[in-house]
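# Understanding the architecture of this molecule
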Amino acid sequence: MMDDSRKGELGSLSFNIPQNSNVLNGHCQNGHTAAPQLESQTQSPVPNDIVSRGHWGGKYEFLLSCLGYCVGLGNVWRFPYLCYRNGGGVFLIPYFIMLFVTGVPLFLMELCLGQYGAAGPITVWKCCPLLKGIGIGMLCVAVLVSLYYNVIIAWTFYYLGSSFQSPLPWSCDAVANVAICNGSSGEIRSPSEIFWNERVLGVVNSEGLHDPGHVRMPLALCLLAAWIIVFLCMIKGIHSAGKVVYVTATFPYFVLIVLIIRGATLEGSLQGIAFYLTPDWRRITNAQVWNDAASQIFYSLGIGVGGVLSMASYNKFDNNVIRDTIIITSGNCLSSFFAGFAIFSVLGHMAWRRGVAVADVAVSGPGLAFVAYPEALALLPGSAIWSVLFFVMLFMLGIDTLFGNIEGITTAVLDEFPQLRRNAKHKSLFLAGLCFCFYLMGLLLVTDGGIYWVTLIDSFSTSFGLIIITFFMCTGVSFFYGVNQFCQDIIDMIRHCPPWCSKVLLYFKACWVFFTPFLLLFILTYIFMEMYNTSLNYGDYVYPRWGKALGVCMGTTCCMQIVIWAIVAIYKETGTLKERFCKSIRPLNSWRTNNGARGTEGNVNAERVDGLFTVTLTNMDFNAMTWEDGRGL
């Protein structure tokens, strides 16, 4: 990489490869070393194939895309529930501790890897070929998450269409629900529960995971519409998605503000807010509270799925990653806290209307978004308008997160097969084929028993496998690539690093080496204990052992990619086992070429994308590189 002096002539630049572990004369040595000398002064041939990856159209496109990706459905339907369940305002203490010790450092690491490497989740591991499996594991997680996430958006479409009816089909004003609401039918379920389970899901027609039943055509059409929208918004990659986020990332905040203002005027809203925030100091010593805080931070930021890394790869080289990290992570957490007021003010009103405690109506997950909250909105004057606003907000929250996941998948594939970028038609066909395959796989999840499969994938796709992937990313960058080298890369990107920047990097260095891996192990241990001691349920249905085993296989498949591709990387090298290992943790020269070039203001073509990535190192990978004008560094 280049030194700090970037203003001189190209010939005055120096090139160093300081590395935590290097192979010199057949030995694995630790510490920073000088650049290897040129073995030959012959100019390397310059490839003629130049493929443009593109950049964000503006600074706000990247920030809004990342904020929209992070602020998803979980911020609305999971955080408020966790807050009240874990001691109200007390929960904010472990929440913000986990944010600064785990969330921010890992988010910054992904941003830096993507921006410095200008590559997707797989190709970026040219910095340490041994860890290529981390990128493939991220790809597996992104596939599983995208598979069920768009099904949730399909549910949102169904409710959105139903919201244009008057009265709302899940309200007591509907003719079909009058007998249920006045108690003459003997039905103990509310109209919203009946609408959700019978009209939308059809789960009453399925006996469980083994009995998916028929595909529900209304949901299948909603799912098709959702994937068509994703395709159209992403047909030009970040150039089209970057424009869409100006609406999809900002509109939810408008709706939240409107809901908070409306909720504040309702009877019982203060009881709901008090229930949300009243501290219970006894909960602060409970391990469950700390695990919930860490898990919420981890999942809401979208760490380890590849979306953040991919979006950062389209940044300019000198973008201030530390500033962006602080803005995005703070915005994400404040959005979660902000959403709680919109949710619990309305739920407090519903509890007041029913004459029950707020705890009796407060739920998490789909139960909040598709049962409790729609039922509460049905009690308001002009309920159809509020329902439309709420489900449009859910749609935009979900679609932004899905954009990030699909961008992670497409960027990973296009970087591995750059020839797809050269032809816009081929790129569009690839995206169309990807969306169509997702649609076909998603049909299982819109059957009568589809909710059982959604719950299973949701429970295990982002469980222990994702934690293991992130743990190896953190420790691999810190100890194999070298935490000192990584911090120097950040300084090179920021260029004019103020004094406070160096002090902040000392904090992040301590987190990456010590605190963050320790907390990831804590989360992982708790997940395994909980997975062993508790059963998986959806309502009254208890998943069979084979179903739970299938979920474990999903998580294991994701994290096993690390081991498989590490073995491949070592096997492809030559020498003793130690020599092979040492070679496989050294960056390829193409890792330095792409990024050193991007920092030289056009002296070297910044848009060159290497061919298909291989972990086999050649002699060129250990020789000093050659610029296009023929002068060595």
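None of the values given here were measured: they were computed from a predicted structure.

## Structural notes on the environment of Leu431
In this structure, Leu431 sits in helix H18 (residues 424-442). With a relative accessible area of 6%, Leu431 lands in the buried category. Residues Leu431 and Met234, 197 residues apart in the sequence, show an inter-C-alpha distance of 8.2 Å. Once residues lying within four places of it in the same chain are set aside, the contact partners of Leu431 are Phe231, Met234, Ile235, Ile406 and Thr410.

## Side note on helix H12 (residues 287-300)
If you check H12, its first and last C-alpha atoms are 20 Å apart, about what 14 residues at 1.5 Å a residue would give, namely 20 Å. Burial analysis of H12 places 11 of its 14 residues in the buried class, the great majority of the element. By the burial criterion, the buried members of H12 are Gln288, Val289, Asn291, Asp292, Ala293, Ala294, Ser295, Gln296, Ile297, Phe298 and Ser300. At the N-terminal end of H12, a side-chain oxygen is found 2.8 Å from the backbone nitrogen of Gln288, two or three residues along, and the residue is Asn286. Once H12 finishes, Gly302 follows within two positions and takes phi at roughly 70°, a positive value.

## So, the state of the cysteines
Across all of its chains, the model carries 1 disulfide by this definition. Each disulfide pairs two cysteine sulfurs, and for Cys172 the partner residue is Cys181, the sulfurs being separated by 2.0 Å. Taking the sign of the S-S torsion, about -85° here, the bridge from Cys172 to Cys181 comes out left-handed. Judged by relative accessible area, Cys181 falls into the partly exposed class, the value being 34%.

## Observations regarding helix H15 (residues 366-377)
Spanning 12 residues, H15 covers 16 Å between terminal C-alpha atoms, matching the ideal 16 Å at 1.5 Å per step. The buried fraction of H15 amounts to 10 of the 12 residues, a majority that puts the element mostly inside the structure. For H15, the set of buried residues is Leu368, Ala369, Phe370, Val371, Ala372, Tyr373, Pro374, Glu375, Ala376 and Leu377. Contacts from the buried residues of H15 go to helix H2 (73-77), helix H5 (132-162), helix H7 (191-201), helix H10 (251-264), helix H14 (321-354) and helix H16 (383-416).

## Some remarks on the pattern of salt bridges
The tally for this structure, following the rule as stated, stands at 8 salt bridges. Here Lys59 ties to Asp324 by a salt bridge, and the two come within 2.3 Å at their closest N and O atoms. Within this pair, whereas Lys59 is found in helix H1 (residues 59-70), its partner Asp324 is found in helix H14, the two being separated by 265 residues in sequence. The exposure class assigned to Asp324 is buried, which follows from its relative accessible area of 0%.

## Overview of the nonpolar core
Within the largest apolar cluster, 190 residues are counted, with the highest numbers of intra-cluster contacts made by Leu113, Trp155, Ile406, Ile490 and Trp512. Contacts of Ile406, omitting those with residues within four sequence positions, involve Ser146, Trp227, Val230, Met234, Leu431, Leu434 and Phe438.

## Overview of the environment of Ser163
Relative to the elements of secondary structure, Ser163 occurs in the loop between H5 and helix H6 (178-181). With relative accessibility at 1%, the residue Ser163 sits in the buried group. In sequence terms Ser163 and Phe390 are 227 residues apart; their C-alpha atoms lie 9.8 Å from each other. Beyond its immediate stretch of four places on either side in the chain, Ser163 contacts Leu168, Trp170, Ala384, Ser387, Val388 and Phe391.

## As for the packing of H5 against helix H19 (residues 450-461)
Where H5 contacts H19, the axes come no closer than 10 Å and their chain directions differ by 140°. As far as their axial angle goes, H19 and H5 are oblique. The way H5 lies across H19 gives a crossing that is left-handed. Across the interface between the two elements, Val141, Leu144, Val145, Leu147, Tyr148, Val151 and Trp155 of H5 pack against Ile451, Val454, Ile457, Asp458 and Ser461 of H19. Its residues assigned to classes, the contact of H5 with H19 shows 10 nonpolar, 1 polar and 1 charged.

## Details of a nonpolar patch on the surface
A grouping of Val215, Met217, Leu221, Leu224, Ile228 and Leu232 is seen on the molecular surface, where their side chains present a nonpolar patch of about 540 Å² in accessible area. Relative to the helices and strands, Leu224 is located in helix H8 (residues 217-234).

## Brief notes about unusual backbone geometry
Most peptide bonds take the trans form, and the phi angle of most residues other than glycine is negative. The omega torsion across Ser166 and Pro167 is 0°, close enough to zero to call that bond cis. Within the secondary structure, Pro167 sits in the loop between H5 and H6. Even without a glycine there, the phi angle at Ala118 is positive, about 50°. Structurally, Ala118 can be placed in the loop between helix H4 (92-117) and H5. For Ala118, a relative accessible area of 14% translates into the label buried.

## Quick notes on the side chain of Ser171
Note that Ser171 resides in the loop between H5 and H6. Polar side-chain contacts of Ser171 include one of 2.8 Å to the backbone oxygen of Leu168. Excluding anything up to four places from it in sequence, Ser171 contacts Asn177 and Ala378.

## Some words on the environment of Ala566
Position of Ala566 relative to the elements: it lies in helix H22 (residues 545-572). You can call Ala566 buried: its relative accessible area is 15%. Counting along the chain gives 436 residues from Ala566 to Leu130, while the straight-line C-alpha distance between them is 4.8 Å.

## What to know about the side chain of Ser387
Structurally, Ser387 can be placed in helix H16. Residue contacts for Ser387: discarding those within four places in its chain leaves Ser163, Leu168, Trp170 and Leu377.

## Here we look at the packing of helix H9 (residues 238-248) against H16
Orientation of H9 relative to H16, taken along the N-to-C sense of each, is 160°, at an axis distance of 11 Å. As summarised for this structure, H9 and H16 are arranged roughly antiparallel, according to the angle between their axes. H16 is crossed by H9, and the crossing has left-handed handedness. Across the interface between the two elements, Ile238, Val244, Val245, Val247 and Thr248 of H9 pack against Met396, Ile399, Asp400, Phe403 and Glu407 of H16. Each residue belonging to the contact of H9 with H16 can be placed in one class, and the counts come to 7 nonpolar, 1 polar and 2 charged.

## Observations concerning the confidence of the model for the protein chain
Overall, the prediction assigns the protein chain a mean pLDDT of 82, with 85% of residues at 70 or greater. Taken as a whole, residues 596-633 scores under 50 in pLDDT and shows 108 contacts with residues more than four places along the chain or in a different chain.

What counts, and at which threshold
- Residues numbered from 1 in each chain as written.
- Predicted model: local features only at pLDDT ≥ 70, side-chain atom pairs only at ≥ 80, totals over all residues.
- Heavy atoms only, no water.
- Helix = DSSP H or I, 4+ residues; strand = E, 2+ residues; numbered from the N terminus.
- Buried < 20%, exposed > 50% of the residue type's maximum accessible area, 1.4 Å probe, protein only.
- Contact = heavy atoms within 4.5 Å.
- Expected span 1.5 Å × (residues − 1).
- Polar contact = N/O pair within 3.5 Å; in protein donor to acceptor, adjacent residues only side chain to side chain.
- Disulfide = S-S within 2.5 Å.
- Salt bridge = Lys/Arg side-chain N within 4 Å of Asp/Glu carboxyl O.
- Core = buried A, V, L, I, M, F, W, Y, C linked by side-chain atoms within 4.5 Å.
- Axes fitted to C-alpha atoms, helices over the stretch in contact; angles between N-to-C directions.
- Parallel < 35°, antiparallel > 145°, perpendicular 65-115°, else oblique.
- Left-handed = near helix turned anticlockwise from the far one by under 90°.
- Nonpolar A, V, L, I, M, F, W, Y, C, P; charged D, E, K, R; others polar.
- Patch = residues over 30% accessible without salt bridge, like charges linked within 9 Å, V, L, I, M, F, W, Y side chains within 5 Å.
- Areas by Shrake-Rupley, 256 points an atom, 1.4 Å probe, with all protein chains shown as cover.
- pLDDT = per-residue confidence, 0-100.

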